[in-house]
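# Structural characterization, general
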Amino acid sequence: MAASTYHKEDIKNIILEIREVFKENSSELQEPEGKILNEINNSDVKALVILKQQLWNVLTSVEKLKSKPSSNIFLKVEKLTSKKQLNNAEKKQVREDLERVASKAKYLNEQASKKGSVPDDVKELIGREKEMEEIIDQLMLWSRSEDNGESPVPVIAISGLAGIGKTKLVDDVCQDQKVQEQVGSQVRVPGTNYNTFDADSIAKQIINSAPSPSPTTKTLNILVILDDWRAEIKDNDVKMLHDKVKEHGKASQVLKKVDPRVTAIVITTRSCLVVREIAASPIMQYDLQGLNEKQSVFLLKKALGRGACDDNASITKIVGQCRGVPLAIIAMAKWLQSPRSEYLMPVEQLICSYYDKVYEEGFPYKCFPYFSLFPQDFLFDAERLIHLWMAEGFLGSPEPETGRGYLRDFVGRSMFQDVKVDEFGEVRSFKLHPLMHDIARFVADREIITMDPIGHKVHGKVKRASFDLSLNFSRGIPRPLYDKAKSSLASLLFFANPESRFPMQLDMSTSMLENIFKSFKKLRVLDLRDLEIGTVPSSIGDLKDLEYLDLSQNNIMEKLPNNITKLFKLQTLKLFCCYSLKELPKDFENLKQLKHLDIEGCLSLTHMPPKMGKLTSLQTLSAFVANKDDPKGGLEELLNLNKLRGHLEILYLDRVQQFGNSKSGCRQKIGVQSLTLRWDLKIDQGKIQHHLLPEDFLMSHFELRVLILMGYRVPDLSLFKSTSTQFEHLVKLSLQDCQCEYISQEDALPQQLKTLELIRLDNLEYVARNCDKDAAFYKTLVELTVWGCPKLKSWWPEVKEVSDRPVFASISKLHVHHCPDLTCMPLYPRLDMVPKDSNSFGKELVLEESSLNLLLDTLSKGTGARDSIPLENFHIQNCNHLKNLCDAFQHLSSLQRLTIENCADIHLCGPNNQWNGLKSLRFLTIREIPILSSLSFGDSVTTLRELTVHNCEGLTSISDSIGKLTSLRRLEISKCNKLKSLPKEMENLKSLKTLLILNCKLLLSRCQQETGRRRLATN
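## Brief notes about the overall build of the protein
Tallying secondary structure elements over the protein gives 25 helices and 33 strands in all. Considering only residue pairs separated by 6 or more positions, the protein has 69% of its internal contacts joining residues 24 or more positions apart. With the model as given, the accessible surface of the protein reaches about 45,300 Å², and the carbon-plus-sulfur share is 46%.

## Topic: unusual backbone geometry
Despite not being glycine, Gln553 has its phi angle at roughly 60 degrees, a positive value. Of note, Gln553 is situated in the loop between β13 (548-550) and β14 (572-574). Non-glycine residue Glu928 carries a positive phi angle of around 55 degrees. Along the chain, Glu928 turns up in the loop between β28 (923-927) and β29 (934-935).

## Focus: the side chain of His815
Relative to the helices and strands, His815 resides in strand β24 (residues 813-819). We classify His815 as buried; its relative accessible area is 17%. Apart from the residues lying within four places of it in its own chain, the contact partners of His815 are Leu784, Thr785, Val786, Glu844 and Val846.

## Regarding the nonpolar core
Among the nonpolar cores identified, the biggest contains 167 residues, and Leu481, Phe494, Ile516, Leu575 and Phe874 are the most heavily contacted of them. Sort the elements by how many residues they give to this core and helix α19 (residues 510-519) lands first, with four residues. Apart from residues lying up to four places away in sequence, Phe494 is in contact with Phe467, Leu469, Ile477, Leu506, Met508, Ile516, Asp527, Leu528, Arg529 and Leu531.

## A short note on the packing of aromatic side chains
Here the structure, examined in full by the defined rule, presents 29 aromatic pairs. For the ring pair Phe378 and Phe495, a centre distance of 5.2 Å and an interplane angle of 65 degrees mean the geometry is edge-to-face. Of this pair, Phe378 sits in the loop between α14 (346-358) and β6 (379-381) while Phe495 sits in strand β11 (residues 491-495); the two residues are 117 residues apart in sequence, bridging distant segments of the chain. The pair formed by Phe378 and Phe495 is uniform in burial state, with each residue classed as buried. One Lys or Arg, Arg655, reaches over the ring of Tyr652 and ends 4.2 Å from the middle of that ring. Geometry around Phe923 places Arg897 over its ring, the cationic atom sitting 4.4 Å from the centre.

## Quick word on the sheet that holds β13
Ordered in space as β9-β10-β11-β12-β13-β14-β15-β16, the eight strands form an open sheet in which the pairing is parallel. Both edges of this open sheet fall to β9 (448-450) and β16 (620-621), since each of them pairs with a single strand only. Where helix α15 (residues 382-392) meets the sheet, it contacts β10 (464-468), β11, β12 (525-527), β13, β14, β15 (596-598) and β16, and its direction lies at approximately 145 degrees from that of β13.

## A closer look at the pattern of salt bridges
All chains considered together, the criterion is met by 54 salt bridges. For Glu383, the salt bridge identified is with Arg404, shortest N-O distance 3.3 Å. Here Arg404 lies in helix α16 (residues 401-412) and Glu383 lies in helix α15, a separation of 21 residues in the sequence. You can call Glu383 partly exposed: its relative accessible area is 24%. Relative accessible area serves as the criterion here: at 16%, Arg404 is assigned to the buried category. For the salt bridge of Lys463 with Glu447, the shortest nitrogen-to-oxygen distance reads 3.7 Å. Remark: Glu447 occurs in the loop between α17 (434-443) and β9 and Lys463 occurs in the loop between β9 and β10; sequence separation between them is 16 residues. Given a relative accessible area of 21%, Glu447 falls into the partly exposed group.

## Re helix α10 (residues 237-251)
Look at α10: 21 Å from first C-alpha to last across 15 residues, which is about the 21 Å you get at 1.5 Å a residue. For α10, the complete set of buried residues consists of Asp237, Val238, Leu241, His242, Val245, His248 and Gly249. Buried positions in α10, seen along its axis, are confined to an arc of 140 degrees and lie on one side of it. Counted as exposed and oriented over 90 degrees from the buried face of α10: Lys239, Lys250 and Ala251. Of the surrounding secondary structure, the elements contacted by the buried residues of α10 are β1 (155-159), α9 (199-209) and β4 (259-269).

## Some words on helix α7 (residues 166-174)
Turning to α7, its buried residues number three or more, namely Lys166, Leu169, Val170, Asp172, Val173 and Cys174. Looking at the buried residues of α7, the elements they touch are α6 (129-143), β1, α8 (177-183), β2 (185-190), β3 (219-227) and β4.

## A look at the pairing of strand β32 (residues 970-974)
Of all five residues that make up β32, four are buried, and the element is covered over most of its length. Bridge count between strand β30 (residues 946-950) and β32: five bridges; the pairing is parallel. Counterpart to Leu947 in the pairing with β32 is Leu971. Of the strand pairs in this sheet, β32 and strand β33 (residues 994-998) are connected by five bridges, and their pairing is parallel. Residue pairing in the sheet places Arg970 in a bridge with Thr994 of β33.

## Here we look at the pairing of strand β21 (residues 732-736)
Of all five residues in β21, five are buried; the element is thus mostly enclosed. Of the two faces of β21, both are covered, the one formed by Lys732, Ser734 and Gln736 as well as the one formed by Leu733 and Leu735. Judged from the five bridges that link them, strand β20 (residues 706-710) and β21 form a sheet pairing that is parallel. Paired with Leu707 across the bridge in β21 is Leu733. Of the pairings in the sheet, the one linking β21 to strand β22 (residues 755-759) comprises five bridges and is parallel in character.

## Some words on the side chain of Asn554
Turning to its location among the elements, Asn554 is positioned in the loop between β13 and β14. Among the polar contacts made by the side chain of Asn554, one reaches the main-chain carbonyl oxygen of Leu551 at a distance of 2.9 Å. When neighbours within four sequence positions are excluded, Asn554 is seen to be in contact with Leu528, Arg529, Asp530, Leu531, Glu532, Ile533, Cys577 and Cys578.

## Concerning the packing of helix α1 (residues 3-22) against helix α2 (residues 30-40)
Where α1 contacts α2, the two axes come as close as 11 Å, and the packing angle between them is 175 degrees. Taken as axis vectors, α1 and α2 run roughly antiparallel relative to one another. When α1 is examined against α2, the residues Lys8, Ile11, Lys12, Ile15 and Arg19 are found in contact with a partner set consisting of Glu33, Ile36, Leu37 and Ile40. For the contact of α1 with α2, a count of residues per class yields five nonpolar, no polar and four charged.

## Considerations on the sheet that holds strand β8 (residues 427-432)
Taking strand neighbours across the sheet as the criterion, the three strands line up as β6-β8-β7 in an open arrangement whose pairing is antiparallel. Single-partner strands in this sheet number two, and they are β6 and β7 (416-421). When strand polarity is set aside, the average angle formed by the axes of neighbouring strands in this sheet is 20 degrees. Here β7 runs beside β8; their pairing, made up of four bridges, is antiparallel.

## Focus on the environment of Asp468
One can find Asp468 in strand β10. For Asp468, a relative accessible area of 25% corresponds to the partly exposed category. When the C-alpha atoms of Asp468 and Asp452 are compared, they prove to be 8.4 Å apart, with 16 residues separating the residues in sequence. Discounting chain neighbours no more than four positions away, the residues touching Asp468 are Pro375, Phe473 and Phe495.

## Focus: the environment of Glu848
Looking at the element boundaries, Glu848 is found in strand β25 (residues 844-850). We classify Glu848 as buried; its relative accessible area is 11%. Sequence spacing of Glu848 and Gln877 is 29 residues, and the spatial spacing of their C-alpha atoms is 4.6 Å. Apart from residues no more than four positions distant in its own chain, Glu848 is found in contact with Val816, His817, His818, Cys819, Gln877, Asn878 and Cys879. Side chain to side chain, Glu848 and His817 meet in a polar contact 2.7 Å long.

Definitions and limits used
- Residues numbered from 1 in each chain as written.
- Predicted model: local features only at pLDDT ≥ 70, side-chain atom pairs only at ≥ 80, totals over all residues.
- Heavy atoms only, no water.
- Helix = DSSP H or I, 4+ residues; strand = E, 2+ residues; numbered from the N terminus.
- Contact = heavy atoms within 4.5 Å.
- Areas by Shrake-Rupley, 256 points an atom, 1.4 Å probe, with all protein chains shown as cover.
- Buried < 20%, exposed > 50% of the residue type's maximum accessible area, 1.4 Å probe, protein only.
- Core = buried A, V, L, I, M, F, W, Y, C linked by side-chain atoms within 4.5 Å.
- Phe/Tyr/Trp six-rings, centres within 6.5 Å; stacked < 30°, edge-to-face > 60°.
- Lys NZ or Arg CZ within 6 Å of the ring centre and 35° of its normal.
- Pairing = 2+ DSSP bridges.
- Axes fitted to C-alpha atoms, helices over the stretch in contact; angles between N-to-C directions.
- Salt bridge = Lys/Arg side-chain N within 4 Å of Asp/Glu carboxyl O.
- Expected span 1.5 Å × (residues − 1).
- Arc of directions from axis to C-beta.
- Polar contact = N/O pair within 3.5 Å; in protein donor to acceptor, adjacent residues only side chain to side chain.
- Parallel < 35°, antiparallel > 145°, perpendicular 65-115°, else oblique.
- Nonpolar A, V, L, I, M, F, W, Y, C, P; charged D, E, K, R; others polar.

This is the structure in structure tokens:
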């Protein structure tokens, strides 16, 4: 059903309800009702949403009038046998309320026919200065690279809510003179014309829109703007676009004598996932947030054309409703200027001006109001929300994939913040944008309410109610919910705020649970997580319609009542982090409809219930505890669950004495993509020689993409063999706390592997017994973490010369922590880029308590003076034997962020040319370098924007060369107690906006004498 049709039907039903409640002489309402029904035929979705809420209010008003005690004693007696009759004044009030709705409907339809525009006087960029500077700086860095057009085309992606200012930011960047002169001519391609990334078609449009070159031009640099882009961009799409532009440029009559070159691509998009798969190109990603209060007030005043405003409190309140979204602020300015603004409340004006930005065709309009049940700034778990939607009947499908599609849709409209995705690109968690939360609260039907401590909102048709326990519910669940919603309530949710400074204001006692179970027999959804429940009454078995039950994080609950197995419609049972839960009910196999069971973090659970294999509807099972009384651990029951998918963790595999015949069991493989196998770390190693190797078990029953082994004890981890296609789909391998001497016999890790983690492998001596330079995984690996491997000295038993080592062709992140003896491993001269946000950098190298030789060997791979690796983020920490970094700096021309921390013997106070090579450095942090006495800079770090010096006890001076850092915007010096003064040449730092001096005794005392201030800061 289309959204407009859905809302129109709702409006008609509400009018019928008003008639039914009004009862006496309902013909008196026919005229205003007729006007409303006539107007809604021409109303758009946003108008229908507003009118529906207005009619809900009228219905609530009529119900209250009907239930209001009469002052007439005879009518009080009459009320014992029939509903109260409305008096003439009350009837008139209802008619007038409906007339106002009819007038509002007419006004909304008139406004919809008019086209609005942004006030002409709002032309400057407000609140995005930092992002603009960073983007321009990054474009300039890329434009100065000497690659002759052969390097991958860099990408800048700007995502954010509709109206947040993405396009305005790009427009101002493109108007910058330096960008126009050095980066290229802007060519804009609107994303609304493309459902997929059609490189050929886009390239044609770029060539046709490119400016005509001058007769002397040989290379035409083009800055491509993909505006409001919706289609996902794959890894090879950027290169293909660059090639197609060259191809169509040669065929063009206008450009055939020049070489068209795409210097960079800037993308504006509502979806932070559009560029997720780009790995071959350098990429910077910005997720624009709302303006702060000061910026919002300034924008509103600009839009109103005012200087100072007399009613600042009113202005502040209005911009607070806009949640920092510029488009919403400008919409409110229009409302304030409108001569008929009394027709709409501020939130209704936001709906009129903004709702259609997100409410497009295909919008999941049934799911969106459901967000109103949750507190603002709530961190949503995606799977939990999908299971709730399924129980509510919103998906129209028993498959969770529909819900995942809805989440991708919401992400595509940029309605979420802080979005996290898993290894497969699926949304894992997020927060709802505050403006979207406000709109969800407004558009929610009357059947959805958030409870207040008194229960004012409760009426007889409430279906869904939630409790925000940061409010005071010390008196318990309000009585009106029991009295009025007993027969209608289908969903009941409680939200305890773990970050609240106040204790939970609701005592969920056994008696209160009894009242809930006995009163609300029609419950389909019951969320009781984190309520300090110790005992669940057996009366829960009376909730015959229950489909979703969440008892997670009740960590004093030791068992569940066996009556829970009488919930024959139960589809989702969540017991996440019930730390004290020891067992599941014995008749658990009776839950034939159960599809989702979450027992992750149930640390006291000793075994799974018998006959688990009968739960053939089970689709997700977070954990399976091996049975110590069964030689096979009960795993044969697990293998009957053919519908399992997602992630599964199998615990206490040390109890398994045999994994069974790989040819028996299920006929088809289990759909689990991510598997964690965990052995008990607490068992004395002397009592166990070696763990059983589950190779046949894994090969026969799983097609894995993620494999995590924890606590596995075997000298030879021979799961990976060069002659086998086993684990051919594996993209992530993590080995944690395992006791193995090496991992692979023939350097034959899975050929599609992208992430490898080697964590706390105390006995690991080398990774592979033999070296194979052509092994496939060397070409695919993107992230490598080696942490806490004290015996690891080399990737192979025999140390290889640099020229004989294989190369990681695609690696973008390398972390080596606490591996002091590791000096020989594959090289990484290219460090290809991965997507990232504006607060981090790709091409990342972190060395902590590890050898710098891991970097120097890679740098020595080149033969020319200009050879370098495209490393952007280098963090070196606790490397106490490190003396000098000059040799490394010569090859790090792409480095943008450098942190040197707690390296006791490193020398940074040598000649100025020690920094030579760092031509792109923007952020430098020096922490806890005790022998640093003087800090000086050469001519190579003029790009530096932020400098932080912290806790350098020996620092006595900063060289005059700091005056050459003309791009420096922020300087912070703290806990440098021997530093007496700053050089006079700092007067040359014209770009400096923030100077922060903290806990520097000598320097602060001098600053206090000269300026009378302990802290120098301007911002």
